Amino acid sequence: MEQIQLTASKRIIVGVQFLFVAFGATVLVPLLVGLDPSTALLTAGLGTFIFHFLTKGKVPIFLGSSFAFIAPIIAASKQWGMPGTLAGLVGVSLVYFVMSALVRWQGKRLLRKLFPPVVIGPVIILIGLSLSSAAVDMAKTNWILALASLVTAILVLTLGRGLLKLVPVVCGIAVGYVLAFFMDEVDFQPVIDAQWFALPASLAHFSLPQFSWEPLLFMIPVAIAPVIEHIGDVYVVGAVADKDFTKDPGLHRTLLGDGAACLVSAFLAGPPVTTYSEVTGAMSITKVTSPAVIRIAAATAIVFSVIGKLSALLRSIPQAVLGGIMLLLFGTIASVGLLNLMRNKVDLNQTRNIIIIAVTLTMGIGGAVLSYGNFAISGIGLSAIVGITLNLCLPQEKEMKEEEKKQASK
């Protein structure tokens, strides 16, 4: 993929745009589970910097609030309260640390066995398609605003030149926001009421999580799904940037970075953070994959977390405007999954490959759920586990076995 070299000023503009892409989802999660949205921005920014430090600044990934924990946080808070729930979220980081150690120990051999292209490809597709319903739900609150934002972004992306071509998301949001203003769809009262500078609640009223084993054990199984999604997202980002980040700096480092970010987020009363497909989609359409640009987005998130009026202004962007943009970004992620299958020359004439791809996609898109007591796993996590299991259990044809032997000997 052709990379674009940017001047310092252009890097800042694109970096801020990347935060705009992640902003809606990052603040939506805490709003749904009863946490502070400004804290979520702070932990997203800090978590991203921690991730980049532990991955040697090589991987262009932005960490934001994880949707996988919305239901578990709500359920846990009813049983153990929010302090106990935050203690449980520490267990999420432990899962990342254990997986990082396993990958460090087994290396690429473990990856090739558990996550071959025939498994990773459909998981990447699901990462995009599973988010599509959220984009449609946001867009259908006002289709006029959504389509105006979407069409503007597409036109800028296809017809724009120079700096303009790098900011299709900003242009789409700007046109949608102005149109929403004239349609009386913007509520400025929260902006008027907000303070100019205000510390996030986690810093203004800091308190440590109340540790107990029950919420910790409750959250650990839930973390399996985002860990698998993390692996898929690292492959997505690698495909977009045309680099193998599982080799350099290594998947064990990306898992360690995500886990450390989740740990800091739990202590600051923020939601668990995860790799953001929205930003990856924006990188794909802008062809800007510089980690430095992602760090600008992280720094902007931290600044926004303490500027009350600016955060309130961004929260005033109608959901339909953001939904229109997401329709483009999430579809882009799905197309990267298809590209992954094509680049790795996955043979679709082989029955086992068809079975793995078909079952993985249908279970993910169909919303299959596996539950036992308080534990439940669904969506991408369950589909990925099913794909991995099928890949390990289904017999391989002779040609595939010989190819695997060649790969193992390299």
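Residues numbered from 1 in each chain as written. Predicted model: local features only at pLDDT ≥ 70, side-chain atom pairs only at ≥ 80, totals over all residues. Heavy atoms only, no water.

The chain is annotated in an unreviewed UniProt entry as Putative uracil permease of Hoylesella loescheii DSM 19665 = JCM 12249 = ATCC 15930.

Visitor: What should I look at first to understand helix H13 (residues 277–286) in this one?
Guide: Residues separated by three or four positions in an α-helix point in the same direction, a consequence of the helix having 3.6 residues per turn. Extensive coverage of H13 is indicated by the burial of 10 of its 10 residues. Buried residues of H13: Ser277, Glu278, Val279, Thr280, Gly281, Ala282, Met283, Ser284, Ile285 and Thr286, and no others. Once H13 ends, the next one or two residues include Lys287, with phi positive near 65°. (Buried < 20%, exposed > 50% of the residue type's maximum accessible area, 1.4 Å probe, protein only. Helix = DSSP H or I, 4+ residues; strand = E, 2+ residues; numbered from the N terminus.)

Visitor: What am I meant to see in the packing of aromatic side chains here?
Guide: Given two aromatic rings, one states the distance between the centres and the angle between the planes to describe the pair. Applying the stated criterion to the full structure yields four aromatic pairs. Relative to Phe188, the ring of Tyr177 lies with its centre 6.5 Å away and its plane at 75°, an arrangement referred to as edge-to-face. Here Tyr177 is found in helix H7 (residues 168–182), whereas its partner Phe188 is found in the loop between H7 and helix H8 (189–193), with 11 residues between them in sequence. Taking relative accessible area as the criterion, Phe188 reaches 30% and is therefore assigned partly exposed. (Phe/Tyr/Trp six-rings, centres within 6.5 Å; stacked < 30°, edge-to-face > 60°.)

Visitor: Help me understand the confidence of the model for the chain, please; the structure alone is not making it clear to me.
Guide: Atom-level detail of predicted coordinates should not be read off regions where pLDDT is low. Chain-level statistics for the chain give a pLDDT mean of 82 and a share of 89% at 70 or above. The secondary structure element of the chain with the lowest average pLDDT is helix H19 (residues 398–409), at 58, and the one with the highest is helix H2 (residues 37–54), at 93. (pLDDT = per-residue confidence, 0-100.)

Visitor: Can you walk me through unusual backbone geometry in this structure?
Guide: A negative phi holds for most residues other than glycine; trans holds for most peptide bonds. Each neighbour pair has its own omega, and for Asp248 with Pro249 the value is 15°, a cis peptide bond. The residue Pro249 is located in helix H12 (residues 246–267) in this model. Backbone geometry at Lys56 places phi at a positive 60°, although glycine is not the residue there. Locating Lys56 in the fold gives a position in the loop between H2 and strand E1 (63–65). The phi angle at Lys345 is positive, at roughly 50°, despite the residue not being glycine. The residue Lys345 is located in the loop between helix H16 (319–343) and helix H17 (351–366) in this model.

Visitor: Where do I start with the environment of Lys247 in this structure?
Guide: In this fold, Lys247 is placed in helix H12. Judged by relative accessible area, which is 61%, Lys247 ranks as exposed. Along the backbone, Lys247 and Gly107 are 140 residues apart, and their C-alpha atoms lie at a distance of 8.9 Å.

Visitor: Any chance you could explain the pattern of salt bridges here in plain terms?
Guide: Side chains that differ in charge, positive against negative, can pair when their charged atoms come close. Overall, the coordinates contain three salt bridges when judged by the stated rule. A salt bridge links Asp248 to Lys58, with the nearest nitrogen and oxygen atoms 2.8 Å apart. One end of the pair, Asp248, is in helix H12; the other, Lys58, is in the loop between H2 and E1, with 190 residues separating them in the sequence. By relative accessible area, which is 33% here, Lys58 ends up partly exposed. Asp137 serves as the salt-bridge partner of Lys140, at 3.3 Å between the closest nitrogen and oxygen. (Salt bridge = Lys/Arg side-chain N within 4 Å of Asp/Glu carboxyl O.)

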